[in-house]
Amino acid sequence: MLEIKNLTKVYDDGTVALKNVSFDVQDGEFLVVIGLSGSGKSTLLRCINRLIDPTEGQIIFNGEDVAALPQSDLRHVRRKIGMVFQHFNLVKRSSVLTNVLAGRLGYINPYKSLAGNFPPSIRKRALEVLDHLGIANQAKKRADELSGGQQQRVGIARALMQDPELILADEPVASLDPVLAHSILGTLESLNQETGITVICSLHYLDLVQRYATRVIGLRSGEIVYRGTGKDIRQMTDEEFKDIYGEEAVRVSAGKREE
Amino acid sequence: MSAATKTKEKKPLISPVLSLILSIPVPGLGQLVSGKIRRGLLLIGSFATLAFLYWWRLKAIGHRQTTLIDIFKKALQLNGLFTVLLLIGLAGLYAWILVDAFKQAKKSRPEGTGIFFLILFLFFAVGWQISQIEMGKLTSRFSEAWVPLKKILWPWDAAITYEKDVFEAAAQILVDSDEAPPPVPEQKEGEPYLVANPTYGNLSRLDENNKVIPGSRINLKGSGFKPETLTQIWWADSIGNEFRPRQEGQYVTVITDKDGAFEYDLIMPYRLTPPSAVGLQYHEVMARQIFEKGRALPSEPLILTVDLIIETIFMGMMATFFGIILSIPVSFLAARNLMSSSWITVTIYYVTRTILNIIRSIEPLIWALIAVVWVGLGPFAGIVALTIHSVAALAKLYSEAIENIDPGPIEAIQATGATKLQVIRYAVVPQMIPPFVSFTIYRWDINVRMSTVIGMVGGGGIGFLLVQYIRLLDYKSAGIAVWFIAVTVSILDYVSANIRKRFI
Ligand SMILES: Nc1ncnc2c1ncn2[C@@H]1O[C@H](COP(=O)(O)OP(=O)(O)OP(=O)(O)O)[C@@H](O)[C@H]1O
Ligand SMILES: [Mg+2]
């Protein structure tokens, strides 16, 4: 469903964040991107929905090159790609429901939506999604009144409102404790398995990678230095691990935090 | 441990005795030279300043004296406590500095801070004298102040007047001439009637030593008034200004007899003839009976106060309104995150910020003085002054709100496929509205507060009235204005705090 070909990103200040990155993603995969801080994980995910404009290369999503699309045509691609963020990126002062409804903005008439009204069918849908994620009773609250785990569920609910074929999750659990991390990733996993939504997720904790990934790519200084399955990574050698996390890295056994 | 060895190594630069000797001509020099530079400078500066201030105050107290001894004697006589206390204090400080100079050069010993408390105390004593503090006045003058204060605290009997019925008759008087005396008015049945005899005369005047030369005596005969009633005598000059003449310090009043008649000899009052007056000057003398008919009415001060408090609130509102409109565009120029793209925009940012800071640091009252010169007296001047200050204050607050916008939600809404307008509506506006509303309400609150005083310099609003009443010693009316200001400001304070709480 997604084909990345020779993707390169050079920032204005000359930082080369991605170097000639190529990989495929199949329908229904749970692809995990790993790599040290600064290795280009966020840059990669943000290129896929063009929050960042890539410098070179192709991003073929359902047969269409996203990298070549003019800004005005991005709407139709973006609304099929949900995104979940490390810091949730909710509008803190808006209600949970409004935050979730915003996920539908790509579908509704831009001018009608400026008044702040959403059709009843969409409101009903939003409540259903919240209910599915177990936070329907929080709908009226202000987003910043919720706990971290609840806020990330709102973030996922917003992405689900898009009827996404693909969800990009940039370190979705990095600011949550381990129990919540499992619960959020479990939610993403069940969405992935039950509704067939493809997931590309960057993660920091090795045990989470081992538990949820169906496939793994490792980045280092903007280059892919590792490709494997979730099972592969469980048997990863120290050499391979150092390739990804740098020479100074120490292997951390599953379940412990890796800095 | 290491600190101790370090201090042992660090030898004093000069011997204690030399340090002491150096401090004799210049108190603190010893400390300075022996390496305690900051301490030395502080001591030299403090001692010199205190000595100068002491001398300056002595000269002010014992002015007109020329020699040092005379000044001191006079000061001792007029303000002995200050003169002696500070002299002892300064001598003590001098001695202490000498001892300190010796000690500080001896070894690296902890620098005592006691000496600075003495210095602080001496500055405090000088300050007390300079600012003419007389705590005694707080109590000794209180009983005097209590009379007007009572009126200000409870002015409400002046808030009401009663409907009046006026019963009056008038007679014309030709002033300072006898060319064409006015005729005696015609008598009408059932109406009050006043005859002046003669119908001309000289006003009282002042001689070169400001002594009063009494005017002509005029016989007043009234009839047809209400019997046995207090009747006031009024005078009106040629341009119709009315006043009550006094005789021996008292307002002239007469009491009618049982037929409603009276007779009185009035000395013509003192009145300057307006320079514009030409020709014969006809004044008027009047006899007036005033009856309060009982229906309570708001008094003039109350009506004026209500009028002006409304004006004040709206002045604050209009200034806030103009402030918002003008500060929004300026706030974009003053927002660092929007202006960091090139050196030109960065320059604009700094220039804008600097101008805003300067404008803000000038008090609205000063702006009002300028605005009064610019657009003339009245509420508009107040609005201009408050608007100028509001623009600067609001632009700073708004620009900080813009700087504090979280880019996360913007990115997230973009990622849903929303258009630019939708991103602004759903990610930017919700973040902007709360600080915007909160700052604006706060500003309105401040502006109304400020407009209550801005009138004092001629900028319209209630302040003008308040100052006038106080100058006229009309403390009850002033009290009404004070009450209205207090109530308005506290209501506003409460409302604005409540609204702001909801938006934070
Ligand atoms: N806007 C930018 N301008 C310039 N350089 C940037 C920008 N954003 C990121 N970079 C640089 O690009 C490189 C990759 O950054 P990126 O955020 O993609 O890494 P990451 O793997 O997501 O790191 P982390 O785990 O810390 O989130 C880094 O060297 C970073 O400093
Ligand atoms: Mg990142």
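Participant: How do you make sense of the overall build of chain B when you look at a structure like this?
Facilitator: Helix and strand content of chain B: 17 helices and 13 strands. Residue burial in chain B is summarised as follows: out of 504 residues, 38% are buried. Within chain B, contacts between residues separated by at least 24 positions form 71% of all contacts whose residues are at least 6 apart in sequence. Counting every atom, chain B has about 28800 Å² of accessible surface; 65% of that belongs to carbon and sulfur.

Participant: For this particular structure, what's the right way to read the side chain of Thr8 of chain A?
Facilitator: Residue and element names in this part refer to chain A. On the secondary structure map, Thr8 appears in strand S1 (residues 2-10). Judged by its relative accessible area of 15%, Thr8 falls in the buried class. A polar side-chain atom of Thr8 sits 3.1 Å from the main-chain amide nitrogen of Asn20.

Participant: Please explain the sheet that holds strand S7 (residues 166-170) of chain A as it appears in this structure.
Facilitator: In a beta sheet, neighbouring strands pair by backbone hydrogen bonds and run either parallel or antiparallel. Residues and elements named next belong to chain A. Reading across the sheet, the six strands line up as S6-S7-S8-S3-S9-S10 and stay open at both edges, with mixed pairing between neighbours. The two strands at the open ends of the sheet, each matched to only one other strand, are strand S6 (81-84) and strand S10 (223-229). Shown here is a sheet whose adjacent strand axes are inclined to one another by a mean of 15°, direction ignored. Sheet topology note: the S6/S7 ladder contains four bridges and is parallel. Paired with Gly82 across the strands is Ile167, a residue of S7.

Participant: Sorry, what's going on with the sheet that holds strand S2 (residues 193-197) of chain B here?
Facilitator: Residues and elements named next belong to chain B. Across the sheet, three strands lie side by side as S2-S6-S12; this open sheet has antiparallel pairing. The sheet terminates laterally at S2 and strand S12 (262-267), the two strands that pair on one side only. Adjacent strand axes in the sheet meet at a mean angle of 20° when their direction is disregarded. Bridge count for strand S6 (residues 217-223) against S12 is six bridges, and the pairing is antiparallel. In the strand pairing of S12, Arg217 is matched with Ile267.

Analysis parameters
- Residues numbered from 1 in each chain as written.
- Chains lettered and ligands numbered in written order.
- Predicted model: local features only at pLDDT ≥ 70, side-chain atom pairs only at ≥ 80, totals over all residues.
- Heavy atoms only, no water.
- Helix = DSSP H or I, 4+ residues; strand = E, 2+ residues; numbered from the N terminus.
- Buried < 20%, exposed > 50% of the residue type's maximum accessible area, 1.4 Å probe, protein only.
- Contact = heavy atoms within 4.5 Å.
- Areas by Shrake-Rupley, 256 points an atom, 1.4 Å probe, with all protein chains shown as cover.
- Polar contact = N/O pair within 3.5 Å; in protein donor to acceptor, adjacent residues only side chain to side chain.
- Pairing = 2+ DSSP bridges.
- Axes fitted to C-alpha atoms, helices over the stretch in contact; angles between N-to-C directions.

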